[in-house]
Amino acid sequence: MTAALLFALLLDPGAADYSRGVALIEQGRPDQAVEPLRAAVEAAPHNPQYQKALGVSYAMQKRYTEADPPFAKACALAPALPDACYFHARNLYALDRYEPSLEILRKILATDPRPWRVWLGIAQAEQALGHPQIAEKSFLQAIKLHKGQSPPSDDPRVHYGSFLFREARLDEAATVLQDLCAARPDSARGHLELGRVAMQLNHLDKAEQHLTKSLELAPTQQGAQLLQKVRARK
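Residues numbered from 1 in each chain as written. Predicted model: local features only at pLDDT ≥ 70, side-chain atom pairs only at ≥ 80, totals over all residues. Heavy atoms only, no water.

Draft legend 1. Molecular detail of the state of the cysteines. Counted under the stated rule, the structure contains 1 disulfide. The disulfide that involves Cys75 links it to Cys85, with 2.1 Å between the sulfurs. Since a negative S-S torsion denotes a left-handed disulfide, the Cys75-Cys85 link at about 95° is right-handed. Here the residue Cys75 occupies a position in helix H5 (residues 64-77), and Cys85 occupies one in helix H6 (residues 84-94), the gap between them amounting to 10 residues. Accessibility classification places Cys75 together with Cys85 in one group, the buried group. (Disulfide = S-S within 2.5 Å. Helix = DSSP H or I, 4+ residues; strand = E, 2+ residues; numbered from the N terminus. Buried < 20%, exposed > 50% of the residue type's maximum accessible area, 1.4 Å probe, protein only.)

Draft legend 2. Spatial organisation of the packing of aromatic side chains. The final tally for this structure, using the stated rule, is 7 aromatic pairs. Between Phe139 and Phe163 the ring centres are 5.2 Å apart and the planes differ by 40°, which places this aromatic pair in the tilted class. Here Phe139 is found in helix H9 (residues 132-146), whereas its partner Phe163 is found in helix H10 (residues 156-166), with 24 residues between them in sequence. Just as Phe139 is buried, Phe163 falls in that class too. Seen in terms of ring centroids, Tyr160 and Phe163 are 6.1 Å apart; in terms of plane orientation they differ by 15°. Their pairing is stacked. A residue pair is termed a helical-turn pair when its members lie 3 or 4 positions apart in one helix, as Tyr160 and Phe163 do in helix H10 at 3 residues. The exposure class assigned to Tyr160 is buried, which follows from its relative accessible area of 7%. Residue classification places Phe163 among the buried positions, given a relative accessible area of 1%. By the ring-pair criterion, three or more aromatic residues cluster together here, those being Phe71, Tyr86 and Phe87. Over the ring of Tyr86 we find Arg117; its NZ or CZ atom is 3.9 Å from the centre of that ring. (Phe/Tyr/Trp six-rings, centres within 6.5 Å; stacked < 30°, edge-to-face > 60°. Lys NZ or Arg CZ within 6 Å of the ring centre and 35° of its normal.)

Rendered as structure tokens:
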């Protein structure tokens, strides 16, 4: 071990474990990242970056209850740390704790570099709380600010279309999702949601077309089951 590395480890004893954990997350192995990231947090419990990374390793495995304490700690220690409070808010949403999630999202709305995603989080929390009018305004604000700043699956139009579907506004949902699929034909979720809407409208050929496209882009059990139902009705 070089003198420089030894000095660095003395200054930050969790650095090596943190680097190893982040590398495992980037390799798609969040389960294996937990152990080194927990070691990093134990070595430096007041390092918000380490806390956030540990939260991510749990959240990627849908272990949201375990993700909550490190996300909360990261947000409390360094509210300005990129994604720290946003990740905490979204993890709270995953735990069905909608009002605390909203409280955090509203606080970071003015400072988050991607406000569209904060508006989307607000919309989804308001929808879950049974406030459709507030939710719709928030979805529309997310769409206005989005401008293609995410992978197709996270495009707020997907979620707005799903919202309209749940509100039984099928024709409006179809229009939103058709526009999305035309602009972003690689959106597997967009084709899935449009197929679902077309199925409800009894446009079975169209439903089959979009569900098939969705499965080509990203096979899912849900898409396969819907396609099977459509074909059984034809």
